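Commentary on secondary and tertiary structure
Residues per chain, in single letters:
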Amino acid sequence: MSDERNETAPDPAPRGHGEVAADSVARKGSDSTSGPMARACGEPADQPDGGVPSPGFAIGGIRIEPNVMLAPMSGITDSAYRAFVKEGNPGAVGLVVTELISVEALARHDLKTHRMLSYLPHERPLAMQLFGAQPARMAEAAAIAQDLGADIIDVNCGCPAPKVTKRGGGAGLMREPEVLRDILRALRRTLTIPYTVKLRAGWDDASRNAVEVARMAEGEGAAMIAVHGRTRKELYSGDADWDLIAEVKSAVRVPVVGSGDIMTAAQGVHRLQDGGVDGVMIGRGTLGNPWIFREIAALRRGETPPVVSSRARFLAIDALIARLAAVLHPATAIGRARGLGCRMVKYVHGGAQIRALISRAPSVDAMRAILQEHAERAAKDDLAA
Ligand SMILES: Cc1cc2nc3c(=O)[nH]c(=O)nc-3n(C[C@H](O)[C@H](O)[C@H](O)COP(=O)(O)O)c2cc1C
């Protein structure tokens, strides 16, 4: 499906959805942290005396540690990207979330949609995010996702794309909280794993109702509430409203996670310390700096994170593209790799010129050759400097 990126992403977006090999779907192992004990009953977040959120919290019975998460991004956070981020930031990513998944497609057992829920064991804990507006369908699809091994089901209440909202899903649920309430009730009846919601600030300025919706969601068993501090109308303009996110935190007992505009590790630490939240989610900042999580961890330990060279940046993008090509159908891989490559190189020194080359590259191999060549050039520049 189309998604947030069409409307909202400030960059050219990757095209098409991933077709991850079905055999890479990891089945839920016996060491699962989910289960009846993990029923949707969010524990209040740990708060040490100083009021600064501790490095972790629980969603239902699932420990999220550290309290820094990879935000869901349609067209981006497929299994390859999530695993890439986890591996690049050992022990520094508390939770990863899938792209938003259509409950209609999942419930009718669409193969491509099932493949979008593929994951590798070391991605866990993993939240699978669903969008839809029919409580029965949502419950049906959530049960499928649970069977596929989700640790947590997240309900998308933020997607602004008209094709989603006009059917009442995504940010449309912010306009009709009673539909969200019925969805959460259906999930409560169906799931044994925790469920969470990801809200926007509201639909528009006249209805910044995240606080009310969060209270309702908590009452209906949501075990964590993530808030992107912008309204649907704002899309990605202006600044995310972290004051509103803090208001949501004050209004509920379940953990609240803030999302919006964390582009550097220092900004992440600032939000963790002063954002009044239990944790943060980082989306676009990971495209420019896939190592942002380990940098946050270093800063929290009082260390200075090492500078990542331009060469290493190009090679990391190359490695991610190779990974995509290994698991996706070639027709899908090229579009996805192009979109992702273009988004990521723009943050690397000299990236604008390479972006143009990548966008015209006829194949994944050609794209990789461009990246590798620039990695070597960057290495020489680094030596000469
Ligand atoms: C390209 C793109 C795709 C996104 N897709 C999703 C999505 O599938 N589900 C969702 O809840 N939010 C989605 N978002 C919103 C992000 O999760 C996040 O809340 C938002 O980008 C603000 O955080 P950031 O400034 O760290 O990116 C998307 C954002 C971008 C840029």
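Okay, so let's go over this structure. From a predicted model like this one, the values you see are computed outputs, not experimental measurements.

Quick notes on the rules
Residues numbered from 1 in each chain as written. Predicted model: local features only at pLDDT ≥ 70, side-chain atom pairs only at ≥ 80, totals over all residues. Helix = DSSP H or I, 4+ residues; strand = E, 2+ residues; numbered from the N terminus. Contact = placed C-beta atoms within 7 Å. Buried ≥ 20, exposed ≤ 12 C-beta atoms within 10 Å, placed from the backbone. Arc of directions from axis to C-beta. Core = buried A, V, L, I, M, F, W, Y, C linked by C-beta atoms within 7 Å. Domains from an automatic or database assignment. Axes fitted to C-alpha atoms, helices over the stretch in contact; angles between N-to-C directions. Parallel < 35°, antiparallel > 145°, perpendicular 65-115°, else oblique. Left-handed = near helix turned anticlockwise from the far one by under 90°. Nonpolar A, V, L, I, M, F, W, Y, C, P; charged D, E, K, R; others polar.

Examining the overall build of the protein
A count of helices and strands for the protein gives 17 helices and 10 strands. Pairs at least 24 residues apart make up 72% of the contacts formed inside the protein by residues separated by at least 6 positions.

Overview of helix α9 (residues 210-219)
Buried within α9 we find Ala210, Val211, Val213, Ala214, Ala217 and Glu218. Along the long axis of α9, the arc covered by the buried residues comes to 165°, so they all point the same way. On its buried side, α9 packs onto α7 (172-175), α8 (177-190), β7 (195-202), β8 (225-231) and α10 (242-251). Backbone geometry just after α9 places Gly221 at a positive phi near 100°.

Details of the environment of Arg338
One can find Arg338 in helix α15 (residues 330-345). Exposure remark for Arg338: the 22 C-beta atoms within 10 Å place this residue in the buried category. Sequence-wise, Arg338 and Ser359 are 21 residues apart; in three dimensions their C-alpha atoms are separated by 5.9 Å.

With respect to the nonpolar core
Core analysis: the biggest nonpolar cluster contains 118 residues, and Leu130, Ala145, Ile153, Leu199, Ile225 and Val248 have the highest contact counts within it. Composition of this core by domain shows at least three residues from each of domain 1 (4-300) and domain 2 (310-384). The residues contacting Ile225, other than those within four sequence positions of it, are Thr196, Val197, Leu199, Ala214, Ala217, Glu218, Val248, Val252, Val254 and Val256.

Some words on the packing of helix α14 (residues 310-327) against α15
The angle between the axes and the distance between the axes are what describe a pair of packed helices. Between α14 and α15, whose axes approach to 10 Å, the crossing angle comes to 165°. The orientation of α14 with respect to α15, classified from their angle, is roughly antiparallel. For the pair α14 and α15, the crossing hand works out as right-handed. Across the interface between the two elements, Ile317, Leu320, Ile321, Leu324 and Ala325 from α14 touch Ala333, Arg336, Ala337, Leu340, Gly341, Met344 and Val345 from α15. A class-by-class count of the residues in the contact of α14 with α15 yields 10 nonpolar, one polar and one charged.

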